[in-house]
Amino acid sequence: PLEIWHIGGPVVKGFGRGSKVLGIPTANLSTKGYSALLSEHPSGVYFGWAGLSTRGVYKMVMNIGWNPYFNNTEKSIEPWLLHEFDGDFYGEELRLVIVGYIRPEANFTSLESLIAKIHEDRRIAERALDTPLYLKYKDDPYLKGSS
Ligand code: ADP
Ligand code: MG
C-alpha cells in the first residue's frame, strides 16, 4: 500500500557537510514535532516533492536517519532538492510530500561509495517521480505552504 506523508518547516542549519564534503546539499528540517512520525518510519532514503514557499515545487530525494558514516547521534531529515539554485535558502518554509521509499540506511566503507549510492538514489527518484503514480502529488496543495 502506498502511504503518503507530509512534513514541513523552516530550513535549518545542519553540520554543513552535505555540500562541502559530498557535493550534495541537503536542506535540513527540524525534527521537533516529528519524533512520533520519524519513529514510525524506518531510517533510509525516500523520495517525493519539495515546495519552497517563494520559489516553486521540485523533485527531491531524502535521507532520514542517523547518517552512520558520520556517526550522528540524532536523527535528521535531509532532502536534496533536485534543482540548481543560485544560493542558500536557510529560514525559508519548506514543505515535503514523501511518496516513496528507495532503501534502508546503510553504512559505507568509503566516501566515494556513499556518493555513488546517493547519485544512484537520485536517478531512481528522478525516474519514479516522472511516472503518473507519483507525478500527481506535485499538485498537492500542502506544497504551496499556506495550509
Ligand atoms: P547544512 O548542513 O547546513 O544543511 P548543507 O551543506 O547540507 O548544509 O547545505 C544545505 C543548504 O544549501 C540548504 O539549507 C540550502 O540553503 C542550500 N541549498 C542550495 N541548493 C540546494 C539543493 N539543491 N538542495 C538542498 N539544499 C540546497
Ligand atoms: Mg544539510
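Because the structure is a prediction, the values reported are computed rather than measured.

Each value, and the rule that gives it
- Residues numbered from 1 in each chain as written.
- Chains lettered and ligands numbered in written order.
- Predicted model: local features only at pLDDT ≥ 70, side-chain atom pairs only at ≥ 80, totals over all residues.
- Heavy atoms only, no water.
- Buried < 20%, exposed > 50% of the residue type's maximum accessible area, 1.4 Å probe, protein only.
- Helix = DSSP H or I, 4+ residues; strand = E, 2+ residues; numbered from the N terminus.
- Pairing = 2+ DSSP bridges.
- Phe/Tyr/Trp six-rings, centres within 6.5 Å; stacked < 30°, edge-to-face > 60°.
- Lys NZ or Arg CZ within 6 Å of the ring centre and 35° of its normal.
- Contact = heavy atoms within 4.5 Å.
- pLDDT = per-residue confidence, 0-100.
- Salt bridge = Lys/Arg side-chain N within 4 Å of Asp/Glu carboxyl O.
- Core = buried A, V, L, I, M, F, W, Y, C linked by side-chain atoms within 4.5 Å.

A few words now on the pairing of strand β3 (residues 44-52). Burial analysis of β3 places nine of its nine residues in the buried class, the great majority of the element. Sheet analysis places β3 next to strand β4 (residues 56-65), joined by nine bridges and oriented antiparallel. Following the sheet pairing, glycine 44 is matched in β4 by isoleucine 64. Hairpin connection, β3 to β4: the antiparallel pair is bridged by three residues.

Each aromatic ring pair is described using two quantities: the centre-to-centre distance and the angle formed by the ring planes. Within this structure, the stated rule accounts for five aromatic pairs. Each member of the aromatic cluster is reached from another via a ring pair, and the members are Trp5, Tyr46 and Tyr101. In this structure, arginine 95 packs its charged tip against the face of tyrosine 142, placed 4.5 Å from the ring centre.

Right, let's get into the environment of tryptophan 80. For tryptophan 80, the position within the fold is in strand β5 (residues 76-81). Not counting residues up to four positions away in its chain, the partners in contact with tryptophan 80 are Ile24, Pro25, Thr26, Lys59, Met60, Val61, Ile118, His119 and Arg122.

Moving on to the pairing of β4. With nine of 10 residues buried, β4 lies mostly within the body of the structure. Pairing between β4 and β5: six bridges, direction antiparallel. Bridging from a neighbouring strand, glycine 65 pairs with serine 76 of β5.

It is worth spelling out the side chain of serine 43 at this point. Here serine 43 shows up in the loop between α2 (35-40) and β3. When its relative accessible area of 17% is taken as the criterion, serine 43 is described as buried.

A few words now on the environment of lysine 117. Its location among the elements puts lysine 117 in helix α3 (residues 111-129). According to the relative accessible area criterion, lysine 117 is partly exposed, its value standing at 26%. Measuring from C-alpha to C-alpha, the distance between lysine 117 and alanine 106 comes to 9.9 Å, with 11 residues separating the pair along the chain. Not counting chain neighbours up to four residues away, the residues in contact with lysine 117 comprise Arg103 and Phe108.

In this model, the chain carries a mean pLDDT of 89, and residues with pLDDT of at least 70 account for 90%. For the chain, per-element mean pLDDT is lowest for helix α1 (residues 17-22), which scores 68, and highest for β3, which scores 97.

Applying the stated criterion across every chain yields a total of seven salt bridges. Here aspartate 130 ties to lysine 59 by a salt bridge, and the two come within 2.9 Å at their closest N and O atoms. Residue aspartate 130 is found in the loop between α3 and α4 (132-135), and its partner lysine 59 is found in strand β4; the two are separated by 71 residues along the sequence. Lysine 117 serves as the salt-bridge partner of glutamate 120, at 3.5 Å between the closest nitrogen and oxygen. Of the two residues, glutamate 120 and lysine 117 both sit in helix α3, three residues apart, roughly one turn of that helix. Residue glutamate 120 is classed as partly exposed on the basis of its relative accessible area, which comes to 34%. Salt bridges here are not isolated pairs; linked through shared partners, they connect Lys59, Arg122, Glu126 and Asp130.

The next point concerns the nonpolar core. Grouped together as the largest cluster of nonpolar side chains are 43 residues, with contacts concentrated most on Ile7, Met62, Ile77, Leu81, Leu94, Leu96 and Ile98. When contributions to this core are tallied by element, the ones reaching two or more residues are β1 (5-12), β3, β4, β5, β6 (93-104) and α3. With residues near it in sequence (within four places) discarded, leucine 81 still touches Ala27, Ala50, Leu52, Tyr58, Lys59, Met60, Phe89 and Leu94.

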